[in-house]
Amino acid sequence: MIIKKITPILFLAFCLVACEDTIDVDLETTEPRLVIDAIIGYNDNDGEPVTIGEVKLTLTTAFFDEEVPIASGAEVALIDESMKTSYPLTENEPGVFRDGIPNLEFNAEYTLRVVYQGETYEATTQLMRTGTINSVTQGDGYLFDEEEETEVIVDFSDVIGERNYYLFAFGFNNFLVTDDEYYIDEGLRFSYYYEEVEPGDLLTITLLGIDKDFADYTEQILTQSGEDGSGGFGIPPANVRGNFYNTTNPENYAFGYFAISEAEVALIRVQ
């Protein structure tokens, strides 16, 4: 009887020792590519147009590298195609451009042009309309943990007369993509659950109108990062291409996306 009890323990110990062997994983390495993150928000603000957002340039890096290289020294411009006017943007800090974005208009095309290390990258899009946030209220429901979760109930109206796609940004790098297939010309009321927020915290919820291509792109990014609830195991890892085109050398394409969206912002303080 004693032997029967000891044998499984010895077997487990052997397994643990065997697991200590180092496993070397050879990952394919490639030349760094430019990554362009350019999301610009527009708000009418009672007749006084306001644009927010930035263009951020980085480089791809090895899988296990913790630091993301900054791509500094580029020339960035926003071009109004209808007016054939180019607006140079200012590099406020290495790789980040915020100043110089002009007032934007609907039904006009805009091209973002990035010149980096002698090559030109471009993407063209239009300003997309967004829905209206009617209310943001705090509820008392929860999904899994009553002590750790705070329910926020969002009620918004759809843009009438067209097919629409939306991106919600809840802060803390949390996002939600939705389309109006089941609530077209009406609206949606839903609950979002924050974790580990405290009474007195001010939460910012932003609603952006986006097109189908950007919706598909964002869904892929969220799936691969695990933000869609798949835990990062929804699909095999892959490079997600955006809407930038290298006009100098098409083979040296960039990652990232350029989008211009009307933005609705709502604030709520946690009770």
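In what follows, the structure referred to is the one given above.
This one's a predicted model, so the numbers in the text were calculated from it and none came from an experiment. (Residues numbered from 1 in each chain as written. Predicted model: local features only at pLDDT ≥ 70, side-chain atom pairs only at ≥ 80, totals over all residues. Heavy atoms only, no water.)

Draft legend 1. Examining the overall build of the protein more closely. Tallying secondary structure elements over the protein gives two helices and 16 strands in all. Buried residues in the protein amount to 37% of all 271 residues. When the accessible surface of the protein is totalled, it reaches about 16800 Å², and 51% of it is carbon and sulfur. (Helix = DSSP H or I, 4+ residues; strand = E, 2+ residues; numbered from the N terminus. Buried < 20%, exposed > 50% of the residue type's maximum accessible area, 1.4 Å probe, protein only. Areas by Shrake-Rupley, 256 points an atom, 1.4 Å probe, with all protein chains shown as cover.)

Draft legend 2. Looking closely at the sheet that holds strand S13 (residues 187-195). Reading across the sheet, the three strands line up as S9-S10-S13 and stay open at both edges, with antiparallel pairing between neighbours. Single-partner strands in this sheet number two, and they are strand S9 (132-138) and S13. Geometrically, the sheet is characterised by an average inter-axis angle of 20° between neighbouring strands, direction not taken into account. Summarising the sheet, S9 and strand S10 (residues 149-157) pair through six bridges and their orientation is antiparallel. Following the sheet pairing, Ile 133 is matched in S10 by Phe 156. (Pairing = 2+ DSSP bridges. Axes fitted to C-alpha atoms, helices over the stretch in contact; angles between N-to-C directions.)

Draft legend 3. Structural context of the environment of Leu 104. Along the polypeptide, Leu 104 turns up in the loop between strand S6 (96-99) and strand S7 (109-116). We classify Leu 104 as buried; its relative accessible area is 3%. Spatially, the C-alpha atom of Leu 104 lies 9.9 Å from that of Ser 261, the residues being 157 residues apart in sequence. Leu 104 has contacts with Ile 40, Tyr 42, Thr 51, Leu 78, Tyr 110, Leu 127 and Ile 260, leaving out every residue within four places of it along the chain. (Contact = heavy atoms within 4.5 Å.)

These results come straight from atomic positions and should not be treated as a statement about function.
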